[in-house]
Amino acid sequence: MDERTALRLLAADLPAAGDDAAVVDGLVITTDMLHESTDFPTGTTRYTAGWRSVGASLSDVAAMGAPATCAVAVYAAPELDEGELDDFIAGARDVCAEVGASYVGGDLDTHEEFTTATTAIGKTDDPVLRSGAEPGDLLCVTGELGRSAAAVRLFERGDSDRANDLFRFTPRVAAGLVLREYASAMMDSSDGLVRSVHQLAEASDCGFDLDFDALPVHDAVADVATDDDDFHALATQFGEDFELVCTVPEADFAAARDELDVELTVVGRVTDSGEVLADGDPVADRGYTHGGD
């Protein structure tokens, strides 16, 4: 099974796990696991790994429209090097500080490859779920797409300084707090824009009409893409950008956009078709999946 098949099998017994985070009695909680062989290309510093791994969990809290409270991490490596551990903790603490949360510790172990598991906690009694999109709502994304895809290509080319910079993203906690007042549905883009839209369509029992020409794509993608098809795939299918993907009633879009400290771009509209389309053609459900597609 791949990750999505496994999650569907578990969904019936774990209904609270159907969104980016579980919400229990006002407590938002989420956890993630990352491995060196699949998540941290050669050249990734331990500082970046600490920032990125904890940031991934903070992004899930942001997607629920919740303020982030704290985070913890499991750190495991073949040997516990003091400098690498210090750098990891520094990255974890700094990304928490970026969103007003605290890094409060975790666990240490040895393992055959560098692996980290992170948990972030927030608070809200009124989470934004994936299931509230309504026909006519605008489909929007924060920030720019393709940042992580470009970073991986740059790691492969040996440009580690630029790649590490791109790999350290800002979790959109502040944007999530604004959007919770306007968004009808929301999630983060860790699986890629296209897969995220398919997940929203499934959760909200709706369709989407996408406008790929409107996509906000990071400048670095053009520097690494081999052709137009590659550019499009890096921007929409690679994932791991940790932007927010949300639906907003058209009447509320201007107010939401004006309150945000990051760009909010309209990239489509919710429909009642039950299909995800672009220019009238079906858009295949492709994106990032642990364990393969």
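The structure we're discussing is the one just above.
Residues numbered from 1 in each chain as written. Predicted model: local features only at pLDDT ≥ 70, side-chain atom pairs only at ≥ 80, totals over all residues. Heavy atoms only, no water.

A. The arrangement of the state of the cysteines in detail. In total, this model carries zero disulfides according to the counting rule given. Cysteine 96 takes part in no disulfide bond, and the closest cysteine sulfur, belonging to cysteine 70, lies 8.0 Å away. The cysteine cysteine 246 is free of any disulfide, with cysteine 140 supplying the nearest cysteine sulfur at 4.9 Å. When its relative accessible area of 0% is taken as the criterion, cysteine 246 is described as buried. (Disulfide = S-S within 2.5 Å. Buried < 20%, exposed > 50% of the residue type's maximum accessible area, 1.4 Å probe, protein only.)

B. Fine view of the sheet that holds strand 5 (residues 115-123). Across the sheet, which stays open at both edges, the five strands sit in the order 1-2-5-3-4 with mixed pairing between neighbours. What marks the edges here is a single partner per strand, and that holds for strand 1 (22-24) and strand 4 (102-110). Neighbouring strand axes in the sheet, compared pairwise and without regard to direction, differ in orientation by 20° on average. In this sheet, strand 5 lies alongside strand 3 (residues 68-77) in antiparallel orientation, the contact comprising eight bridges. Each residue of the ladder has a partner; that of alanine 76, found in strand 5, is threonine 115. Contacting strand 2 (27-35), strand 3, strand 4 and strand 5, helix 3 (residues 46-63) crosses the sheet at an angle of about 40° to strand 5. Along the sheet, helix 4 (residues 82-98) contacts strand 3, strand 4 and strand 5; its crossing angle with strand 4, the most-contacted strand, is approximately 150°. (Pairing = 2+ DSSP bridges. Helix = DSSP H or I, 4+ residues; strand = E, 2+ residues; numbered from the N terminus. Axes fitted to C-alpha atoms, helices over the stretch in contact; angles between N-to-C directions. Contact = heavy atoms within 4.5 Å.)

C. Structural detail: helix 3. Along its 18 residues, helix 3 runs 26 Å from first to last C-alpha, staying within 8% of the 26 Å computed at 1.5 Å per residue. Taken as a whole, helix 3 carries its principal kink of about 25° at alanine 56. Summarising burial for helix 3: 17 of the 18 residues are buried, a large majority. Phi turns positive, to about 75°, at glycine 65, one or two residues after helix 3. (Expected span 1.5 Å × (residues − 1). Bend = angle between axes of the 7 residues up to and from the residue.)

D. Representation of the packing of helix 3 against helix 4. Contact pair helix 3 / helix 4: the axes reach a minimum separation of 6 Å and the direction vectors enclose 40°. Considering the angle they form, helix 3 stands oblique to helix 4. Helix-helix and strand crossings are classified by hand; for helix 3 and helix 4 the assignment is right-handed. Counted together, Arg46, Tyr47, Ala49, Gly50, Trp51, Ser53, Val54, Gly55 and Leu58 of helix 3 and Glu84, Asp87, Phe88, Ala90, Gly91, Ala92, Asp94, Val95, Cys96 and Glu98 of helix 4 form the full contact between these two elements. Across the contact of helix 3 with helix 4, the residue classes tally to 10 nonpolar, four polar and five charged. (Parallel < 35°, antiparallel > 145°, perpendicular 65-115°, else oblique. Left-handed = near helix turned anticlockwise from the far one by under 90°. Nonpolar A, V, L, I, M, F, W, Y, C, P; charged D, E, K, R; others polar.)

E. Molecular detail of the packing of aromatic side chains. Evaluated as defined, the whole model comprises seven aromatic pairs. The interplanar angle of 70° and the centroid separation of 5.0 Å between the aromatic rings of tyrosine 75 and phenylalanine 88 together place this pair among those described as edge-to-face. Of this pair, tyrosine 75 sits in strand 3 while phenylalanine 88 sits in helix 4; the two residues are 13 residues apart in sequence, bridging distant segments of the chain. Residue classification places tyrosine 75 among the buried residues on the basis of a relative accessible area of 1%. Arranged with centres 4.4 Å apart and planes meeting at 15°, the rings of phenylalanine 169 and phenylalanine 242 form a pair that is stacked. Of this pair, phenylalanine 169 sits in the loop between helix 6 (160-167) and helix 7 (173-179) while phenylalanine 242 sits in the loop between helix 10 (228-236) and strand 9 (244-248), and the two are 73 residues apart along the sequence. With respect to class, phenylalanine 169 is no different from phenylalanine 242; both count as buried. (Phe/Tyr/Trp six-rings, centres within 6.5 Å; stacked < 30°, edge-to-face > 60°.)

F. Just the side chain of serine 189, in detail. Considering the arrangement of structural elements, one finds serine 189 in the loop between strand 7 (185-188) and helix 8 (193-204). The class for serine 189 is buried, based on a relative accessible area of 1%. Among the polar contacts made by the side chain of serine 189, one reaches the main-chain amide nitrogen of phenylalanine 242 at a distance of 3.4 Å. Excluding residues that lie within four positions of it along the chain, serine 189 makes contacts with Ser196, Gly239, Glu240, Asp241, Phe242, Glu243 and Val245. (Polar contact = N/O pair within 3.5 Å; in protein donor to acceptor, adjacent residues only side chain to side chain.)

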